Amino acid sequence: MSDNNIFPADADPDQVAAAVSRDGYAVLTGALDTRQLAQLSAELKPHIEATEPAGTAFLGGRTRRVVNLLARSDAVQALAIHPAVLAIADRILLPHCARYQLGYTGVMHLEPGEGAQQLHRDDRCYPIAPPCPPLILATMWALTDFVAENGGTRVVPGSHLWDEARRPSEGEVVATEMGAGSVVVYTGGVLHGGGANQSKRPRTGVALHYALGWLRQVENHYLSLPPQRARQLPEALQRLIGYDYGGPFLGLVEGGDPHRVLEDAGGGAAARTTDELEAAQARIQKLRVSNRPPH
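(A) Quick look at the packing of aromatic side chains. Summed over the entire model, instances satisfying the criterion amount to two aromatic pairs. Measuring from ring centre to ring centre gives 6.2 Å for Tyr 100 and Tyr 210, while their planes differ by 90 degrees; the resulting arrangement is edge-to-face. Here Tyr 100, found in strand 4 (residues 100-110), pairs with Tyr 210, found in strand 10 (residues 203-212); they are 110 residues apart in sequence, far enough to count as distant. The exposure class assigned to Tyr 100 is buried, which follows from its relative accessible area of 9%. Here the aromatic rings of Tyr 222 and Tyr 243 are separated by 6.0 Å at their centres, their planes lie at 70 degrees, and the arrangement is edge-to-face. Remark: Tyr 243 occurs in the loop between helix 7 (235-240) and helix 8 (268-290) and Tyr 222 occurs in helix 5 (residues 221-224); sequence separation between them is 21 residues. The class for Tyr 222 is partly exposed, based on a relative accessible area of 37%.

The following block contains the structure:
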């Protein structure tokens, strides 16, 4: 893993986003402190222990996976709106949409003896062939140290710029090595996969994926976090999971701001978002012009 892709959590987001655009990934070290790590571990441990390994070749015979994390952990809610990650998402995703959304949440808990996962792209759920603009910005938060021996996420730098026919050589695959409390940020088009856990301890990570606002979310937050539950979340997170416009006229409720569903009294927020909607319309029109093929 190149030192050019490793940054402190308070690094200039422009520099981090430049590395992600160039190589498809970057690592932020020290993004969480010991208290935050302890809370995450305590809140997620019962759910991990109650879940059986996936038992498939792709999902892992010795990998325990937990989803719907926003309903299970207050600490994960804070991760989802971490300012350092959102600053990178702004720079990677907003050139291609009016607003992005949280598309997926999950724990990947690799037990000793787990084999390496097949390299894949997270954006293959959408029928758009690579290379393409970034559809997803994914994150993997390290709850334990990530090293090559315990299955630290493997990435193929630059593969977000490849077409689907190109396959990486063994020398092009690198293991993400980072301490607990760090996070690797990568685009959905990058070839990646969990490594083989040849250590004696589990390797645990939390995956949070952000997707362009005009795409269907992988995880259906409207059902897993219905209004009565979503009202308990911070407003920034409410909007990020979909109680907001996905773009001009996307997601209307009674002809207006979807967030009104969560509000006790309407008015201010709806008016504010109307202004945002007009700005989003202008942004979409600009995108249409810039992406228009030459005559």
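That covers the picture; the talk isn't over yet.
(B) Structural detail: the sheet that holds strand 9 (residues 192-193). Taken in spatial order, the three strands of this open sheet run 7-6-9, and their pairing is antiparallel. Of all the strands in the sheet, the pair left with one neighbour each is strand 7 (174-175) and strand 9. Both strand 6 (residues 154-155) and strand 9 contribute to a ladder of two bridges, which runs antiparallel. Considered in strand 9, the bridge of Arg 154 is made with Gly 193.

(C) Region of interest: the sheet that holds strand 1 (residues 6-8). Strands sit in the order 1-2-8-5-10-4-3 across an open sheet of seven strands; the sheet is mixed. The open sheet has two edge strands with one neighbour each: strand 1 and strand 3 (63-67). Taking each pair of neighbouring strands and ignoring which way they run, the sheet shows an average axis angle of 25 degrees. Across the sheet, helix 1 (residues 13-23) touches strand 1, strand 2 (25-29), strand 5 (136-142) and strand 8 (183-187), and the angle it forms with strand 2 is around 145 degrees.

(D) Quick look at the side chain of Ser 182. Examined against the element boundaries, Ser 182 turns out to sit in the loop between strand 7 and strand 8. Exposure remark for Ser 182: the relative accessible area of 3% places this residue in the buried category. Polar contacts involving the side chain of Ser 182 include one to the main-chain carbonyl oxygen of Gly 179, which spans 3.0 Å.

(E) The arrangement of the nonpolar core in detail. Leu 44, Leu 102, Trp 141, Val 206, Leu 208 and Tyr 210 are the most contacted members of the largest nonpolar core, which has 70 residues in total. Residue contributions to this core peak at seven residues, all from helix 4 (residues 83-93). Excluding anything up to four places from it in sequence, Leu 102 contacts Leu 70, Ala 80, Leu 208, His 209, Tyr 210, Gln 217, His 221, Leu 237, Leu 240 and Ile 241.

(F) Just helix 4, in detail. Among the eleven residues of helix 4, eight are classified as buried, and the element is accordingly described as predominantly covered. Turning to helix 4, its buried residues are Ala 84, Val 85, Leu 86, Ala 87, Ile 88, Ala 89, Ile 92 and Leu 93.

(G) Layout of helix 2 (residues 34-49). Between its first and last C-alpha, helix 2 extends 22 Å over 16 residues, near the 22 Å set by a 1.5 Å rise per residue. Along helix 2, the largest kink reaches about 30 degrees and is centred on Glu 43; proline Pro 46 follows within four residues of it. Buried within helix 2 are the following residues: Leu 37, Leu 40, Glu 43, Leu 44 and Ile 48. Those residues of helix 2 that are buried are in contact with strand 3, helix 3 (74-80), strand 4, strand 5 and strand 10. Its side-chain oxygen 3.2 Å from the backbone nitrogen of Arg 35, Asp 33 forms the N-cap of helix 2.

(H) Just the environment of Pro 112, in detail. Its location among the elements puts Pro 112 in the loop between strand 4 and strand 5. For the pair formed by Pro 112 and Arg 62, sequence separation is 50 residues and the distance between their alpha carbons is 7.6 Å. Aside from chain neighbours lying at most four places away, what touches Pro 112 is Arg 62, Asn 197, Ser 199, Lys 200, Arg 201 and Pro 202.

What counts, and where the lines are drawn
- The numbers attached to residues start from 1 for each chain and follow its sequence in the written order.
- For this predicted model, a pLDDT threshold of at least 70 governs which residues receive local features, and a threshold of 80 or more governs which side-chain atom pairs are given and counted, while totals over whole chains, interfaces and linings are taken from all residues.
- Note: side-chain values were computed over all heavy atoms of the structure, leaving out hydrogens and water.
- Pairing of aromatic side chains here covers Phe, Tyr and the six-membered ring of Trp, requires ring centres within 6.5 Å, and sorts the geometry by plane angle: under 30 degrees stacked, over 60 edge-to-face, intermediate tilted.
- Put simply, DSSP marks the helices as runs of H or I at least four residues long and the strands as runs of E at least two long, and each gets a number from the N terminus on.
- Residue exposure (1.4 Å probe, protein chains only): buried if accessible area is under 20% of the type maximum, exposed if over 50%, otherwise partly exposed.
- For two strands to count as paired, DSSP must find a minimum of two bridges between them.
- Only C-alpha atoms enter the line fits that serve as axes; for helices the fit covers just the stretch in contact. Angles between N-to-C directions range over 0 to 180 degrees.
- Any two residues whose heavy atoms approach within 4.5 Å at even a single point are treated as in contact.
- In protein, a polar contact requires one atom able to donate a hydrogen and another able to accept it; more generally it is a pair of N or O atoms within 3.5 Å, and residues adjacent in sequence count only if both atoms are side-chain atoms.
- Residues enter a nonpolar core if they are buried and are Ala, Val, Leu, Ile, Met, Phe, Trp, Tyr or Cys, with the set joined through side-chain atoms within 4.5 Å.
- What a helix is expected to span follows from its residue count: subtract one and scale by 1.5 Å.
- To get the bend at any residue, fit one axis to the seven residues that end at it and another to the seven that begin at it, then take the angle between the two axes.

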